[in-house]
Structures are given as C-alpha cells and as structure tokens.
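# Report on the structure
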Amino acid sequence: MPTTPAFPRIALAIALGALWLPGAQANEVSTLAPVLVTGEGGATPLQPSARTEAAKLQRVPGGTNLIEPQKEPRLATLRDALDFQPGIVVQEFFGGIDQPRLNIRGSGIQSNPVNRGVLLMQDGLPLNEADGSFVIGFLEPRNSRLISVRRGANALSPGATTLGGEMDLQSLTGTQGDGISVDGGSFGRLGLYAAKGFESERLDGRLSVSHDKSDGYRHHSSSKRSSVQGNFGVRGDRFENRTYFSYTDLEFDIPNVIPRSRLESDPRSVMGDYPNDPVNVYKRDPNRKSRQLRLANRSYWGTEDLNQTFGVYWQNIDDTFTSPEVSYPTTGHTYGSQWQLAGKLSSLDYRLALDWARSNMDRELHAVSPEGGRLRELANYDLQAENRSAVLGLQWHLTDQFSLVGDLKYTQAVRDARNRNNGISLNQDWSYASPKAGVLWKPSDALRLFANISRSNEAPTYWEIISASSPAAPQRLDLQRATTYEIGGDGTLGSGDYAANWSLTLYRSNVRDELMHVSNANGTSAGTYNYRGRTRHQGIEAGLRGTLPGFGAGAFDYRLAYTYSDFRFRGGEFDGNHIAGVPKHLIAAEVLYRVGGWRVGPNLRWIPSSTPTNHANVSGTQQDSYALLGFRVAYQHDKHWSAYLAADNITDKTYASSYVIRDRATDAMPTFLSGNGRSFSAALSYKF
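Residues numbered from 1 in each chain as written. Predicted model: local features only at pLDDT ≥ 70, side-chain atom pairs only at ≥ 80, totals over all residues. Heavy atoms only, no water.

On to the overall build of the protein chain. Helix and strand content of the protein chain: 7 helices and 33 strands. Referenced to the eigenvectors of the C-alpha coordinate spread, the extents of the protein chain come out at roughly 80 × 70 × 45 Å. By the burial criterion, 57% of the 688 residues in the protein chain qualify as buried. Within the protein chain, counting contacts between residues at least 6 apart in sequence, those at least 24 apart form 66% of the total. (Helix = DSSP H or I, 4+ residues; strand = E, 2+ residues; numbered from the N terminus. Buried < 20%, exposed > 50% of the residue type's maximum accessible area, 1.4 Å probe, protein only. Contact = heavy atoms within 4.5 Å.)

Spelled out as structure tokens, the structure:
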C-alpha cells in the first residue's frame, strides 16, 4: 500500500466542507446553545466534568473506568492514579520513575520495553507513535483532571482497535489545581510540582512544571524526570478551541533481572555484584533516556444535537533504550489529525470520525560491549508508519431504558522499514475492519446492564518488526486478531450517604496470531513471533466502593478491585498452558477512616497465586504469590493546606514485582525484578 498523502487531504476536505452544518441548521434546532461554565467544577465540550464524562461512559455497552486523580492523596507514580481500578493491571518494574508495565485484558503482555497494546491519549488525541508504540513514562497524572478508560474494543477513538482499548488523560485547565507541592521519601525520592493558571469569561490558560528523582531501591536503579505542560483555551457560545503543549525529559537506569536465588538472598543486588555473574550491569550500563516535545490543538463547533470536533497534533521524540546487549537510539516526528461529526436524529445518536497519523523515525541498533558499554553499529533503519482510520457509530434508543449500540471501524495500517546499511527493506500493510455490536438496558437509575460482541486488531510496532536477534533484516508479522464476548453491569446498592457503587464485567477473547515477545537466557530481547495456534483471554473485572458509618461524626471509605485473568494457549506448541505475564488473581483494597480533615487507614495489594514467567510453565520458575500491606494518613487543613504520610510494604516482604517472559526457562536463569522493600513517603501541598 503506498503511503500517499491522499487520505489526510480527503479527511481535511470532508472536515472543512462540513463546517457549514452547525450554522446552516442552527435555525432548525430548537434546543438552546449550551452555557459554558468555567472554573472549578465547570464543564465545556473539550473539558467535561466528572459527571459529564461518567454519563458518556454510561453509553458504552462494556467495561470502563473513570478516575479522578486529584482525589488521591499521593500521585508520585502512575500506579498511584490507577490503583484500586478493576481491569487495569500495573506491574512496577523498578519502583521508581520508570516504565511500569500497563496491561488491560492481556494487551502487550510480553512487550519489553513496555510499549504497546493500549492507545494512550492526551486530551482526546493519541499520544502513541503511529506504529502503536508509546513511552509510558511521559504520562503525568498530577496534571490530569480525569482519566477515562474504555477497556478492550469499547474504545471510542477511530484509531483504537487493540485488545487493550484506550486511556485518555484529560488535563487540568484554568485555575484548577493551582498550587505547589513537595514530596519525598525512601530510596532518595524527591518530587516538586507547581502550577498556576488564569481564567476569564472567554479565556483561560495554565502552566505546570514538575521534577522528580529517585535513587532507587536496587543498585543501578536511579531515575529522574522533568516535565513542563500547559494549555490555553478560547470559548464562545457554540465554539471552543484549546491548544496544548508539553515537554518531558525522562532518564532512568535499568538494574535488569536476577535469578530466584539472588532475589531471595540479596534483592537489592544486580548482576555484576558477584564475581561469577555472566553479565555485569555496571559495565554494560542498561538505561533509557527519552525526551518528547508535543503540540496539539482541538476545536469544537455546534450544539449537543449537531457538532463537530477537529484536532491536530505533532510530537518529536528522542529516545535511547539500552539493554545489556543492544542499544536502540530512536529519533522521529509524529503528526496526525482527527475529525468527528456527531449529533442526534430523533431516537438515534450518531457519530462519524476520521483519524490519520504518520511517524517518520530513524532507529539504530548497536551491540553493547561487555567491557565499558562501548557500542558497535548493527543496523540503521529508516522507518515510516501510517494509520488511516474511520468509524461510524450508532446508538438507537428503542425505549428510555433499552438501546442498541453499533460501531464499525475501518483501518489501513502501514509499516515500512529500510536498513540503510545493506538496502534490505520490508514494506507491510494491512486493511481491516473492527466492528462492535452491543445492547444497553437501564431499568432504573441504580442499575445498568450490558452485553457486546466485538472484533479487535493489532498491527505490530517497530519494536516487534526490528529484532535484536536479527538486526540486519526486519521480520514479517501478521495482525493479532481477537473476537471478544462481554457481559456485565454496574449500579448502586442502597441509597444516601452509605450507598455502595459496584461494577462487574465478564469477557472472553478468542485470539489468533497473538504477538509473542520473548527474552533470551540473559533476560534481554530475543524477538517476536505470531503464535501458530489459537489463544484465549478471559476474565472477570469487578469493583466495589462506598462508605460505611463510623464512630461519631466519622465514616469509613472503602475501595475494592478484583481482576481475574485466565489466559491460555488453545492449540499449537503450548496447548493448554497458561500464557505467561499476568497474575491470575489481582486484589487491591483500601479502607480509610474519615473524620474532619483526616483520612487514615490500611491498603492491600495481593496476588494470591503464583504466575508463570514462561509459556512452557516450567515448575520452579514462576513468580510467587505475595501480599503487600500499606498505610496512609492524609490531612486537609483548609482549602489551601494538605499533607500525607504513607508507608508501603510494611512487612518488608521480599517479592518479584515483575519479570521477563520466555518460551522456556530454568530456575537458574536471571528472570525477576525485585519489588521495593519497606518504604515511607510524605508530602506537603498548598493550593492558591
């Protein structure tokens, strides 16, 4: 498939040609123009309130999450924002400011570095490169007002077709979150954050800066990140435009994996601390250095009955990922556009959207010398990725309680690669449809039930196409495809202050040609292949939160999330085995006693059963079960001052937070990443 600019020109022409619609039909629409309210708690089409976003998710016939990060006492890492959320699995790598493994329904289980399976978005526009990869460390939850997650094929964006779905981080705007904060703790943790904004009837703006550093729990695990983010908004009666910019500078050392015996006897160590270690981390110096500059703009025209949204974005990346064996310097530019027309016709809601994205990247591969980390060039690639997507979505309200929902996405994906050193090239392209059909039934305000069947498709990223095991030649890979069946519901038990909110989703995904990224004996990348046999992902995603009466004027706030993941091979070489990478049971719970400005209580993160680290499920190589107990004390003095004190892993449990994945392994191989030991952290914040 040629990578011509025809599709973006067509998309832009359609978008510009449709601009007359809101004005041309304004006299035919009987509803009044929406009142655009600014300030704390206000909402506009491009910055919806929590209530507005919740109502949007209620129209999705499947599993979703709505997270308000600013309500969390601590936001030092992405896990702080995503903890206690059903269906979202976050596995920390080194416990600092690094690259936690994000997983939804088995998306990108084996990817290393963690880079695919979910479409990450910032304010409604993609943050991924056009090949589907991302650097998760670029996310800044302290600058997010809402995090909206549509799990699996419930994703709404035309470019989101993977098994994991999409996650949209929506920025604070205007004077929301104005203030300064400082936090620190064990292992040299220090975090600084400051933000200030302005707003008037028609204009608003905001700028935030942050800097974080950590020495790390293990040897060779220091990290630091600096970030600047800002946005500017202009509003009219039926128009809104927002401009966003961000710059992130991220660096961290990689302690790499150790054998089980070392994990149990010396969890803070790395390979190289002992004389006979086959790999010396200090000499090879694995690390990652990533920088991204991003600019984006979105506009909204119209009313709820008929409206359009148009967005454009550009981002530059300078990223060097160095494993103990291979270094991958990557530079490139990604740019894209997105347009949507949405409205209502009697009992029918509709939306038509187009999405286009292109990345031009240069990636080199260098062999890392065992002595002193010297580099030797293996390959030099010119990479061009492009996606062209369209979606037609319909929701037919048969009655006030019952509706049918259907989406049809069509995508053209291009992945071209050429090795400048030897002229070898591989141009791959795929065209595929990702349909979804679902039903929604809401018999009362306290109960919502849903079911859907959907198709997901995932093209490989360049981290899969360009392999360290064969650096001179790119490899041809097939799409990963899945058909998913899903049922569930959510609602409220009881009423008043002590009502409980619950959610429950059950799904089964039948997957073909699953992308399997595996590691070699030393724990570094050994390449990716399509599994020649079927696989099955199925699970349960359940959540419960609410309040119970306490002592006197106090009350107990509780949260519980349970994620069950049963992923298996259904044929082929590993028929019947568990797919390595995700814990079968994951339980996260918290209870906080709230009285006055105080919140005090314990939390638990529990993996009650062992997890395979290789697809052959070799005995003795699994990640052992563990339970981590924590405790928090948070205090809000008035509307200005707040503070918290937190203790994590109070029992100082030795455990593996994550691991590398192989087809087969032995107990002597370096496999595990040590989780943090007992730690303490504290913060003080002042809001203007």
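Moving on from the model shown.
Time to look at the confidence of the model for the protein chain. Residues of the protein chain with pLDDT of at least 70 account for 93%, and the chain-wide mean is 91. Residue range residues 1–41 is modelled with pLDDT below 50. Its contacts to residues more than four positions away, or to other chains, number 67 contacts. (pLDDT = per-residue confidence, 0-100.)

Moving on to a nonpolar patch on the surface. Together, Leu 207, Val 209, Val 228, Phe 245, Tyr 247, Leu 293 and Leu 295 give the surface a local cluster of nonpolar side chains, amounting to about 540 Å² of exposed area. Those elements that place two or more of their residues in the nonpolar patch are strand 10 (203–214), strand 12 (239–253) and strand 13 (287–302). Considering the arrangement of structural elements, one finds Leu 293 in strand 13. (Patch = residues over 30% accessible without salt bridge, like charges linked within 9 Å, V, L, I, M, F, W, Y side chains within 5 Å. Areas by Shrake-Rupley, 256 points an atom, 1.4 Å probe, with all protein chains shown as cover. Salt bridge = Lys/Arg side-chain N within 4 Å of Asp/Glu carboxyl O.)

On to the pattern of salt bridges, then. Applying the stated rule across the entire model yields 49 salt bridges. One salt bridge connects Arg 291 with Glu 251, and the closest N-O pair in it is separated by 3.3 Å. In this pair, Arg 291 is assigned in strand 13 and Glu 251 in strand 12, connecting sequence segments 40 residues apart. Here the residues in one salt-bridge network are Glu 140, Arg 142, Asp 183, Arg 189, Asp 212 and Arg 225, joined through shared partners.

So, on to the sheet that holds strand 5 (residues 125–126). Taken in spatial order, the 5 strands line up as 1-6-7-4-5 in an open sheet, and their pairing is mixed. Unpaired on one side and paired on the other, strand 1 (64–67) and strand 5 mark the two borders of the sheet. Relative to strand 7 (residues 165–171), strand 4 (residues 119–122) is paired through 4 bridges, and the arrangement is parallel. Residue pairing in the sheet places Gln 122 in a bridge with Leu 169 of strand 7. (Pairing = 2+ DSSP bridges.)

The subject of this paragraph is the side chain of Ser 246. Mapped onto the fold, Ser 246 is located in strand 12. With residues near it in sequence (within four places) discarded, Ser 246 still touches Val 228, Gln 229, Gln 292, Leu 293 and Arg 294.

A word on the nonpolar core. Counting 33 residues, the largest nonpolar core has Tyr 328, Leu 365, Tyr 381, Leu 383, Tyr 462 and Ile 466 as the members making the most contacts within it. Sorting the residues of this core by element identifies strand 12, strand 14 (306–322), strand 15 (326–345), strand 16 (348–368), strand 17 (375–397) and helix 7 (462–465) as the ones contributing at least two each. (Core = buried A, V, L, I, M, F, W, Y, C linked by side-chain atoms within 4.5 Å.)

Now for the pairing of strand 18 (residues 402–419). Both faces of the sheet carry side chains from a regular strand, because those side chains alternate between them. Where strand 17 meets strand 18, 17 bridges bridge the pair, whose relative direction is antiparallel. For Tyr 381, the partnering residue across the bridge sits in strand 18 and is Asn 419. Taken together, strand 17 and the strand that follows it, strand 18, pair antiparallel across an intervening segment of 4 residues. In sequence, strand 18 turns back onto strand 19 (residues 425–444) through a hairpin of 5 residues, with Gly 423 there showing a positive phi of about 80°.

Attention now moves to the environment of Val 518. Inspection of the secondary structure puts Val 518 in strand 23 (residues 515–519). Classification of Val 518 by relative accessible area gives buried; the value is 8%. Residues Val 518 and Ala 433, spaced 85 residues apart in sequence, show a C-alpha to C-alpha distance of 29 Å. In contact with Val 518, other than residues within four places in its own chain, are Ser 525, Ala 526, Gly 527, Tyr 529, His 615, Ile 661, Arg 662 and Asp 663.

Note on placement: Phe 198 falls in strand 9 (residues 189–199). In contact with Phe 198, other than residues within four places in its own chain, are Gly 174, Thr 175, Leu 203, Asp 204, Gly 205 and Phe 232.

A separate point is the pairing of strand 27 (residues 585–595). Pairing of strand 26 (residues 555–570) with strand 27, which is carried by 10 bridges, proceeds in the antiparallel orientation. Within strand 27, the residue paired with Arg 559 across the bridge is Glu 590. Here 7 bridges tie strand 27 to strand 28 (residues 598–607), and the two strands are oriented antiparallel to one another. Pairing of Ala 589 across the sheet is with Leu 604, part of strand 28. The hairpin formed by strand 27 and strand 28 contains 2 residues between the paired strands, and Gly 596 there has a positive phi angle of roughly 60°.

Let us now look at unusual backbone geometry. Despite not being glycine, Phe 84 has its phi angle at roughly 65°, a positive value. Inspection of the secondary structure puts Phe 84 in the loop between helix 4 (78–82) and strand 2 (89–91). Phi is positive for Asp 285, close to 50°, though the residue is something other than glycine.

Mapped onto the secondary structure, Asn 522 falls in the loop between strand 23 and strand 24 (525–530). C-alpha of Asn 522 to C-alpha of Val 279: the two residues are 243 residues apart in sequence and 7.7 Å apart in space. Discounting chain neighbours no more than four positions away, the residues touching Asn 522 are Asn 256, Val 257, Val 279, Glu 325, Arg 662 and Pro 670. Within the structure, the side chain of Asn 522 is placed 3.1 Å from the side chain of Glu 325, a separation counted as a polar contact. (Polar contact = N/O pair within 3.5 Å; in protein donor to acceptor, adjacent residues only side chain to side chain.)

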